[in-house]
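Structure at a glance
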Amino acid sequence: MDQDFDELLKQSDDYVPYVPIDQRRREQAERLHKIGRSVPRTDASDSESDKDDASSGPGSPRAVRSTVPLFDQALELRLKQGQDGRELSAVDKDLEEEAEILKTVARRKQLASDRELAKGIQYTEPMTTTWRPPAFIRDQPPTVADAVRQKYHILVDGEDIPPPIKHFRDMKFPQAILNYLRNKGIQRPSPIQIQGLPVALSGRDMIGIAFTGSGKTLAFSLPLIMLALEEERRLPFIRNEGPVGLIVCPSRELAKQTCEGLKEMSEHLRQAGYPELRTVLASGGVNLREQLNILAHGVHMVVATPGRLQAMLADGNFNLDLCRYFCLDEADRMVDTGFEEVLRNVVSYFNHQRQTVLFSATMPQKIQDFARTALVKPVVVNVGRAGATSLDIVQEVEYVKKENRIVYLLECLQKTPPPVLIFAESQHDVDDIQEYLLLKGVEAVATHGGKAQEEREYAVNSFRNYKKDVLVATDVASKGLDFTGIQHVINFDMPKEIEDYVHRIGRTGRSGKTGVATTFINMSSSEEVLLDLKHVLIEAKQRVPPFLESIYDPNERYRDLPPGVPSATGCSYCGGLGHRIIACPKLAQERRIQDSGMRSRMVDGGGDRY
Ligand SMILES: Nc1ncnc2c1ncn2[C@@H]1O[C@H](COP(=O)(O)OP(=O)(O)OP(=O)(O)O)[C@@H](O)[C@H]1O
């Protein structure tokens, strides 16, 4: 399948004249101008330049600059000299320009409660819990903690970071929880759990970043179970009280999976004589009456998707008066799909401080900026680069012409035994692929946001229980869903953003097992995302096919920057390795979504619903 990129380009029926990347960048930069235009000015230098601009005549360059603050600043940066009088190098200027763009975008989005902002409430000290690391660990010199982190490739950032703990029993979980873990075949904590659990159990706000399939769910579920247990034992929850903790997930399927994990743990505790802990699933497609019934008895934990959560809070089905633990799983995905506004609204239902934890495999700087106002002295726990793929996945990328893909799928399915997961961008393609596979006698099911809830559940459950060999899905199934033993993930198309690629292929190669991922690319994939892909493959020491190798990388000059420079590794906005923020497809896409008003439609339940 490997051929030279130029040759393939000429052969392709979808051939369109080549537009040089510099020209495309310029066009993209123009689109980004528009984003800058809608950003309110806040700082003094902005108002100064307003004054200057007012004195310029219409049509002069200064008049143009007055309506385009972002690039006005960027232009000035380009022209100005360094503060010490030295001429800034081209790379220095670009970095300053990028920092300005990022700052401007970050100002637009912050996870902050309007009520708290309005009242000027700012929490300065982290929450505390009664949990403490065992004395023998507390007494160890910091060099021991550093050595553990080094051994497990754990990077941390923040103040007074709790020490990593290498065994579940030293984390003081009840025996019933240790038994639950053992029954699941979980013997020792994974790196994100070694450091993430002590941080979250201590009550600290946290940002947890680790590979797909590395056990993040337990890292935020176990601390919630412990908190709920403690609160229930202190004072039992009665009618309409609770929850004490809230987990928000980007999809119904993921919310259900997380909720079931919490329920299983609660059941183990109950059977061992601990009090009952109740969990409600507040997501679309769930029987509301049943959930209201549980809520009426008092509830300890709620797992929710953003839309349904907002509606239930607005309807007063429950409140967050007692809620002390707020977790955003796959936080960046929720922001990407337009739920910032909903999340901001949810935060405004808290009327006191809470512990906030964010987890994902991809956590670009923009999400950390989004959450910063809501976090108090957060600890960042990072296992591997955010956005890097799991090293347990063999990644294969093949050039397949658009019209040949569906037939080639059959051949590709022979690579491994089932279960196999196939991803496609559009609901229409998902339906076509399923139909074709069924015709060919393959036991395939399909799920996407356009299907009825029962169909979605049937597809996911029958695939999970090995009754069906192949699941065909849109990205709705790519985030966080944990299917055991997936052998092969096939990307029928390359997603528009590299983060989606990371999440999609991350359905295989989970919890230490290996897997294969095959991705079809063709001329309809953008050059930016192909460059991102190329660098992801290089980073994971995978084979780079010649047609990817041959794509010119205009960002080569940044690669020699010292490791400490944040943008040395690519786009400071989305984390992609193959482009800079100025050419970020995600930023451009967000602009398009804003323009088309798609966000409101998604929140209302349209599109690939969550
Ligand atoms: N310490 C552990 N040892 C072995 N297996 C584990 C451990 N922790 C979790 N697992 C198992 O690993 C699988 C993947 O875990 P999980 O779904 O939490 O991954 P994740 O990091 O959240 O992935 P994603 O980024 O895709 O959401 C699950 O089946 C889980 O039961």
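Let me sum up the structure you'll find in this document. Just so it is clear, the model here is predicted, and its values are computed rather than measured.

1. Here's the deal with the packing of aromatic side chains
Two measures describe an aromatic ring pair: the distance that separates the ring centres and the angle between the ring planes. The final tally for this structure, using the stated rule, is seven aromatic pairs. The structure contains a cluster of three or more aromatic residues connected by ring pairs, namely Y408, F492 and F520.

2. Examining the packing of helix α11 (residues 191–201) against helix α12 (residues 216–234)
α12 packs onto α11 with a crossing angle of 30 degrees between their chain directions and a minimal axis gap of 9 Å. On the basis of the axis angle, α11 is roughly parallel to α12. Every pair of crossing elements has a handedness; the one defined by α11 and α12 is right-handed. On α12, the residues touching I192, Q193, L197, A200 and L201 of α11 are K216, L218, A219, L222, P223 and M226. Within the contact of α11 with α12, the residues separate by chemical class into nine nonpolar, one polar and one charged.

3. A few points about the site of the ligand
Near the ligand lie 19 residues; those nearest to it are G213, K216, T217, D482 and R507. A distance of 2.9 Å separates a nitrogen atom of the ligand from a polar side-chain atom of Q193. Measuring from an oxygen atom of the ligand, one finds a side-chain N or O atom of D482 at 2.5 Å. A per-element tally of the shell around the ligand places α12 first, with three residues. Along the lines of polarity and charge, the residues of the shell around the ligand split into four nonpolar, nine polar and six charged.

Definitions and limits used
Residues numbered from 1 in each chain as written. Predicted model: local features only at pLDDT ≥ 70, side-chain atom pairs only at ≥ 80, totals over all residues. Heavy atoms only, no water. Phe/Tyr/Trp six-rings, centres within 6.5 Å; stacked < 30°, edge-to-face > 60°. Axes fitted to C-alpha atoms, helices over the stretch in contact; angles between N-to-C directions. Helix = DSSP H or I, 4+ residues; strand = E, 2+ residues; numbered from the N terminus. Parallel < 35°, antiparallel > 145°, perpendicular 65-115°, else oblique. Left-handed = near helix turned anticlockwise from the far one by under 90°. Contact = heavy atoms within 4.5 Å. Nonpolar A, V, L, I, M, F, W, Y, C, P; charged D, E, K, R; others polar. Near = heavy atom within 4 Å. Polar contact = N/O pair within 3.5 Å; in protein donor to acceptor, adjacent residues only side chain to side chain.

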